[in-house]
Amino acid sequence: MFGGGGMNPRKMKQMMKQMGIDVEELDAERVVIETADGDDLVFDGAQVTKMDAQGQETYQIVGSPDAVADAGGATAVEGDADASAIEADDDGDDEGIPEEDVKLVAQQAGVSKDEAREALEAANGEPARAIADLQ
């Protein structure tokens, strides 16, 4: 679920619950994101997680779009120039901290991504600890 940096998933869930963060896996079969430019992202079989932190709901989609459909209904299969330019889960930073964790900490703590990354590094990659340290 999250890059816990070796932390016991049960302990991580307990810490998040103490912080008022509820996490729920959704049984989604298909996710479609309609963009303003008309190139819709279609995710089949993606892992979808709903997080409720102090009344703020956040949905996380883990996977790659299987297709990109434009407004005219044409579909580009992944590997096309348009589809390959889209990355759903960018984990390619140098420190080994997943970008999704950086975004989560930045959003939940109300700080910049740089501050969130520093907090995650200090917390050994544990998002719950980083959020707690920043608040």
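Here the structure is a predicted model, which is why all the values come from computation and not from measurement.

Draft legend 1. Seen up close, the overall build of the chain. Looking only at helices and strands, the chain has five helices and seven strands in total. Put simply, the chain runs from its N terminus to its C terminus through helices and strands in the order α-β-β-β-β-β-β-β-α-α-α-α. A total of 135 residues make up the chain; the buried ones form 36% of that total. Contacts in the chain between residues at least 24 apart in sequence constitute 45% of all its contacts with a sequence separation of at least 6. Looking at the chain as shown, the accessible area adds up to about 8,100 Å², and 43% of this sits on carbon and sulfur atoms.

Draft legend 2. Looking closely at the nonpolar core. Membership of the largest hydrophobic core comes to 19 residues, with the highest contact counts inside it found for Met16, Ile21, Val105, Leu120 and Ala130. Of all the secondary-structure elements, those providing two or more residues to this core are helix 1 (9-18), strand 4 (47-53), helix 3 (99-109), helix 4 (113-122) and helix 5 (127-134). At four residues, helix 3 tops the list of elements feeding residues into this core. By size, the runner-up hydrophobic cluster in this structure holds six residues, among which are Leu41, Phe43, Ala46 and Val68.

Draft legend 3. Quick peek at helix 5. Buried within helix 5 are the following residues: Pro127, Ala128, Ala130 and Ile131. Along the axis of helix 5, the buried positions cluster into a sector of 165 degrees, meaning they face one direction only. Buried residues belonging to helix 5 abut helix 1, strand 1 (21-26), helix 3 and helix 4.

Draft legend 4. How the structure looks around unusual backbone geometry. The phi dihedral of Asn124 is positive, around 55 degrees, even though this residue is not glycine. Among the secondary structure elements, Asn124 is positioned in the loop between helix 4 and helix 5. With relative accessibility at 54%, the residue Asn124 sits in the exposed group.

Draft legend 5. Inspection of the packing of helix 3 against helix 4 at higher detail. The N-to-C vectors of helix 3 and helix 4 enclose an angle of 110 degrees; their axes lie 8 Å apart at closest approach. With respect to helix 4, the element helix 3 is oriented roughly perpendicular. Where helix 3 abuts helix 4, its residues Glu99, Asp101, Val102, Lys103, Val105 and Ala106 lie against Lys113, Ala116, Arg117 and Leu120. When the residues that make up the contact of helix 3 with helix 4 are grouped by side-chain class, the tally is five nonpolar, no polar and five charged.

Draft legend 6. Structural detail: the pattern of salt bridges. Enumeration over the complete set of coordinates arrives at five salt bridges. Across the pair Arg30 and Asp44 runs a salt bridge, and its minimum N-O distance is 4.0 Å. With Arg30 in strand 2 (residues 30-33) and Asp44 in strand 3 (residues 40-44), this residue pair connects regions lying 14 residues apart in the sequence. In this structure Arg30 comes out as exposed when scored by relative accessible area, which is 54%. Residue classification places Asp44 among the partly exposed residues on the basis of a relative accessible area of 39%. Arg129 is the partner of Glu126 in a salt bridge, and the nearest nitrogen-oxygen pair spans 3.1 Å.

Reading the values: the criteria
- Residues numbered from 1 in each chain as written.
- Predicted model: local features only at pLDDT ≥ 70, side-chain atom pairs only at ≥ 80, totals over all residues.
- Heavy atoms only, no water.
- Helix = DSSP H or I, 4+ residues; strand = E, 2+ residues; numbered from the N terminus.
- Buried < 20%, exposed > 50% of the residue type's maximum accessible area, 1.4 Å probe, protein only.
- Contact = heavy atoms within 4.5 Å.
- Areas by Shrake-Rupley, 256 points an atom, 1.4 Å probe, with all protein chains shown as cover.
- Core = buried A, V, L, I, M, F, W, Y, C linked by side-chain atoms within 4.5 Å.
- Arc of directions from axis to C-beta.
- Axes fitted to C-alpha atoms, helices over the stretch in contact; angles between N-to-C directions.
- Parallel < 35°, antiparallel > 145°, perpendicular 65-115°, else oblique.
- Nonpolar A, V, L, I, M, F, W, Y, C, P; charged D, E, K, R; others polar.
- Salt bridge = Lys/Arg side-chain N within 4 Å of Asp/Glu carboxyl O.

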